[in-house]
Amino acid sequence: MLHFARWKVGLVLVVVLFGLLFSLPNLFSEQTINNLPDWLPKGKLVLGLDLQGGAHIKLQVEKEGIIEDRLEILRGDVRTALREDKIGYTGLAAKNGAVQVRIRDLSNLAEAEKKIKTLVQPVSSSLMSGGGATETSLEVSEDGLIKLALTEEGIGARVKSAVSQSLEVIRRRVDELGTTEPSIQREGDSRILVQVPGLQDPDRLKDILETTANLTFRMVDTSMAAETALQTRPPLDSEVLFEAEDPQNPTEQSNRVPYLVNKRVLISGDELDDAQPTFDSRTNEPVVSFRFNTSGAKKFARVTEQNVGLPFAIVLDDEVISAPTIREPIRGGSGIISGSFTAESANDLAVLMRAGALPAKLTIVEERTVGPGLGKDSIEAGEIAGIVGALAVVLFMFLAYGLFGLFANVALVVNIVLLIGVLSFLGATLTLPGIAGIVLTVGMAVDANVLIYERIREENNYGRSTIAAIDAGYARALGTILDANITTFIAAVILFSLGSGPVRGFAITLAIGIITTVFSAFSFNRFLVATWIRFRRPSNLPI
Amino acid sequence: MKPIRIIPDGTNIHFMKHRFWSFPLSGTLVVASIIMFLVAGLNYGIDFKGGTLIEIQTAEEVADLGNIRGKLNALDLGDVEVQEFGAPNDVLIRVEAQGGDGEDAELAQQQVVDLVKETLGNTVTYRRVEVVGPRVSGELATTGTISVLAALFAVLVYIWFRFEWQFALGAVIATAHDVILTIGIFALLQIEFNLTTIAAILTIVGYSLNDTVVVYDRIREDLRKYKKMPLRQVLDQAINQTLSRTTLTSFTTLLALGSLYFLGGEVIRSFTFAMIWGVFVGTYSSIFIAAPLLIFLSLRSEQVQSPAETDEAGNVSAP
């Protein structure tokens, strides 16, 4: 075990050198690193949100909302389909995950079934299409009741595409916040994890994430006063919506102005080309200017031509932002939304309009935000604990094994350098539990050396010569060390697969720590001892 | 300079005799832990129970906990805990999960943060805000439990593959013992049990197994080397041979953990506490539980083992 071929020595030294190279950037400031030549590695350990401060927000796409919206559209499709063929029906409703309709004249039933069957479509997602699954299932009973129910596959595919679309929209919105390196990932079937480091105002992020931003332009229904509609019942194709809250003067919804708005959407936010916060040149109040794309501009021109003198409503997420009266046809495709805005809320609205609407409602199911102060304190505490712990271990190893203890300590330093180098190379995230993992590795890393040294002593006590005992010590301890470390490694891997954020950071330092430990004990430490033997030719064991 | 030794050379303790007290002791502790767990329960953190955790730092040198508590109780948010956290002006506020189903519960949870921030105003610094909704906390509890069981199972398979089945079973029993005692102490002292505690338990699983495997490895080696030696004598000898290493490694690990416990900050203190406890329990169990278990699992056939039964005086020495 003590003979090293030259190429092996080279390999060990190269590995150590690389570890050093990759761990070094962590010691320097960003500026110094940028001045280094290009061929040098520059990756630093990425600090986790718990260390640098920031927000971790987990959002869930609400399945119920998606089902409701989809059923509403299906209901409309069924109505259109039946009307096209002039089939009489009653009780068209969407409930319990299905659209129901009763055909008046049973002689039309077969025709109605055939017509509605065209609405049953295969699930579009390629992953789901294996079994020829359809989005809806059709059920027709003898007494004229037709039921069009959403299937599990259909709902699954809708949720999946809603998550993908939401990811895009959220990415655009968060990018507008101008923070560095936000991370937005899909998690599981219906969740999105948003991590934004170094954020000063997490509440604003939350507002931006939670707003659906479904912007619609609709006509105000003037057939009835909104107050009357509230007390009695609004007309079938209209609904009562309230004015949006004034951020400077928050009030309960019931104290705000109600509007009776037509349900039919004339133009939606999808057709916007751009939106910018600006100031009204006359009143000097913050407003949002917008521009439609070509088809939106055409629609807008047509609508304004037909409805001169009538009020229309700009509705955002079921709240009326403003309801101006159309004074003249607007043909340029651009306009201004004025409401009760502050400069910031006008800016946020423009951001939301540009980024587009979320396809579904998102709920925050988990939130963890850490202020920059706590993160800094945690790093300091972790560093001090690490240095004190390492010094204590190093001192103890020297007291216990003398010169061999020093060899073990050098190997320990190499181990830590390698660990940090590998973590930097992988771009792994260092969390507070991760620091704990490194400190723990320091404590447990010497185990390999202890096992070897104790074995050497034992072999020596049995009467082997110094060199033979050292050789046997390394050889015999190898199996034990591998077995012992593989078991810990298994636990670390499982921890990693379970883990979220900080816990995952701990698992990865622990797992990599095990690998570097075995390497530093069996390559580097053994190399040191072998070199020492070559030069000193010892006759007595110094441990 | 002569290196110091914790365990003198030639130490020969008859560990196998100690099983007559260690097994009843461990059995009692395991049962007591389970009873504590069932009766007192664990002090689950928001990771598993859902709820809100807010860490604030007040402008004044010493936070007026009574005042904060009074203000927050007036909000009628259910169970609110207010406690000092590390420094006199550092305060940890815990608000229990709010009622309701699905989406409503999540929204209610979010409102708690807004309400607390409104009440305490801008004079305090919000160092940390954690909100875990009911759906996520339920899942975290499930994955946490599954991961501990999966780790035990994966290791069982690995040791089975590398050793004989008695070793695998012995190691898993000893490790399960450590996990149960750790849960027991958390139930007894009512220390907060959260996601990082699960991480600590899994690390304890790793550490304890590491220790057990080192002892087992030597037992296996000695069993091959001394084919005629009674099992009990082999076990004693193997433990004595590895005793120095066991204590040294435990000691260096405790040095590192102790430094983390005292200097590493309040956030990871319960995590390090669990680890320190785990090192003690894990070291104890590999010597006093894992090794003697092999006698019960009749690792060696009775015929070879029988001479040892006559050798109760214990006058054996390593060859």
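What you see as residue numbers is a count from 1 along each chain, following the sequence as written. Whichever chain is written first becomes A and whichever ligand is written first becomes 1, with later ones labelled in order. It should be noted that, the model being predicted, local features are given only for residues of pLDDT at least 70 and side-chain atom pairs only at 80 or more, the latter also being counted only at that level, while totals for whole chains, interfaces and linings use all residues.

## Things to note about the sheet that holds strand β16 (residues 319-322) of chain A
Residues and elements named next belong to chain A.
Here's step 1: Read from one edge of the open sheet, six strands run β11-β10-β16-β15-β9-β12, paired in mixed fashion. Of all strands in the sheet, those with a lone pairing partner are β11 (258-262) and β12 (267-268), marking the two edges.
Here's step 2: Here the rule is simple: two strands pair whenever DSSP picks up at least two bridges between them. For the purposes of this entry, the term helix denotes a DSSP run of H or I that reaches at least four residues, the term strand denotes a run of E that reaches at least two, and both are numbered from the N terminus. Across five bridges, the pairing between strand β9 (residues 215-219) and strand β15 (residues 312-316) is antiparallel. Note that in β15 the partner of T216 across the bridge is V315.

## Thoughts on the nonpolar core
Here's step 1: Ranked by internal contacts, the top residues of the largest apolar core, which has 205 residues, are A171(B) and L202(B).
Here's step 2: Per-element tally for this core: the top contributor is helix α11 (residues 372-426) of chain A, with 20 residues.
Here's step 3: Here the bounds of each domain stem from an automatic or database domain assignment. Looking at this core, you find at least three residues from each of domain 1 (15-43 + 137-307) and domain 2 (51-132) of chain B.
Here's step 4: Excluding its chain neighbours within four sequence positions, the residues that come into contact with A171(B) are I159(B), L209(B), T212(B), V213(B), Y216(B) and A290(B). When buried Ala, Val, Leu, Ile, Met, Phe, Trp, Tyr and Cys residues are joined through C-beta atoms within 7 Å, the set is termed a nonpolar core. A residue is called partly exposed when the number of other C-beta atoms within 10 Å of its own lies between 12 and 20, exposed at 12 or fewer, and buried at 20 or more, with C-beta atoms placed from the backbone. What counts as a contact here is a pair of residues whose C-beta atoms, placed from the backbone, lie within 7 Å.

## Here we look at the sheet that holds strand β4 (residues 87-96) of chain B
The strands making up a sheet associate through hydrogen bonds between their backbones, and the pairing can be parallel or antiparallel.
Here's step 1: As summarised here, the arrangement of the eight strands in space is β7(A)-β8(A)-β2(A)-β18(A)-β5(B)-β2(B)-β4(B)-β3(B), forming an open sheet in which the pairing is antiparallel. The open sheet terminates on both sides in strands that have one partner only, identified here as β7 (183-187) of chain A together with β3 (80-85) of chain B. If you compare each strand with its neighbour and ignore which way they point, the axes differ by 20° on average.
Here's step 2: Sheet analysis places strand β2 (residues 54-61) of chain A next to strand β18 (residues 362-370) of chain A, joined by eight bridges and oriented antiparallel. Bridge pairing in β18(A) places I57(A) opposite E367(A).
Here's step 3: Across the sheet, helix α6 (residues 152-176) of chain A lies against β2, β7, β8 (191-197) and β18 of chain A, angled at about 15° from β8(A), the strand it touches most.
Here's step 4: Each of β2 and β18 of chain A together with β5 (125-132) of chain B is contacted by helix α5 (residues 134-162) of chain B, which is oriented at about 70° to β18(A), the strand it contacts most. A fitted line through C-alpha atoms represents every axis, and for helices the fit uses only the stretch in contact; the resulting angles, taken between N-to-C directions, go from 0 to 180 degrees.

## Points about the interface of chain A and chain B
Here's step 1: Opposite the 61 residues of chain A that make contact, chain B presents 60 residues.
Here's step 2: For the side of chain A that touches chain B, the secondary structure elements donating two or more residues are β18, α11, α12 (432-461), α13 (466-498) and α14 (501-536) of chain A.
Here's step 3: Tallying contributions element by element places α11(A) first for the side of chain A that touches chain B, with 17 residues.
Here's step 4: Residue polarity follows a fixed list, in which Ala, Val, Leu, Ile, Met, Phe, Trp, Tyr, Cys and Pro are nonpolar, Asp, Glu, Lys and Arg are charged, and the others, Gly among them, are polar. Here the residues of the side of chain A that touches chain B are counted per class, giving 37 nonpolar, 14 polar and 10 charged.
Here's step 5: Judged from the five bridges that link them, β18(A) and β5(B) form a sheet pairing that is antiparallel. For E367(A), the partnering residue across the bridge sits in β5(B) and is V131(B).

## A few points about the domain arrangement of chain B
Here's step 1: In terms of domains, chain B is made up of domain 1 (15-43 + 137-307) and domain 2 (51-132).
Here's step 2: A C-alpha centroid distance of 39 Å is found between domain 1 of chain B and domain 2 of chain B.

## Quick notes on the packing of helix α4 (residues 63-84) of chain A against α6(A)
All names here are of chain A.
Here's step 1: Across the interface, α4 lies against α6 with an axial gap of 10 Å and an inter-helix angle of 110°. By the angle class used here, α4 and α6 are roughly perpendicular. Crossing handedness for the pair α4 and α6: right-handed. Mapping the contact onto sequence places K63, I66, I67 and R70 in α4 and I155, R158, V159 and A162 in α6. Orientation is classified from the angle alone, with under 35 degrees giving roughly parallel, over 145 giving roughly antiparallel, 65 to 115 giving roughly perpendicular, and any other angle giving oblique. The hand of a helix crossing depends on one turn: near helix anticlockwise from the far one by less than a right angle means left-handed, and clockwise means right-handed.

## What about α5(B)?
Here's step 1: For α5(B), which comprises 29 residues, the first-to-last C-alpha distance of 42 Å matches the rise-based estimate of 42 Å (1.5 Å per residue) to within 8%.
Here's step 2: Along α5(B), the residues classified as buried are P134(B), V136(B), S137(B), L140(B), G144(B), S147(B), V148(B), A151(B), L152(B), V155(B) and I159(B). What a helix is expected to span follows from its residue count: subtract one and scale by 1.5 Å.

## Description of the pairing of strand β3 (residues 89-95) of chain A
Here's step 1: Pairing between β3(A) and strand β4 (residues 98-103) of chain A: five bridges, direction antiparallel. Bridging across to β4(A), A93(A) finds its partner in Q100(A).

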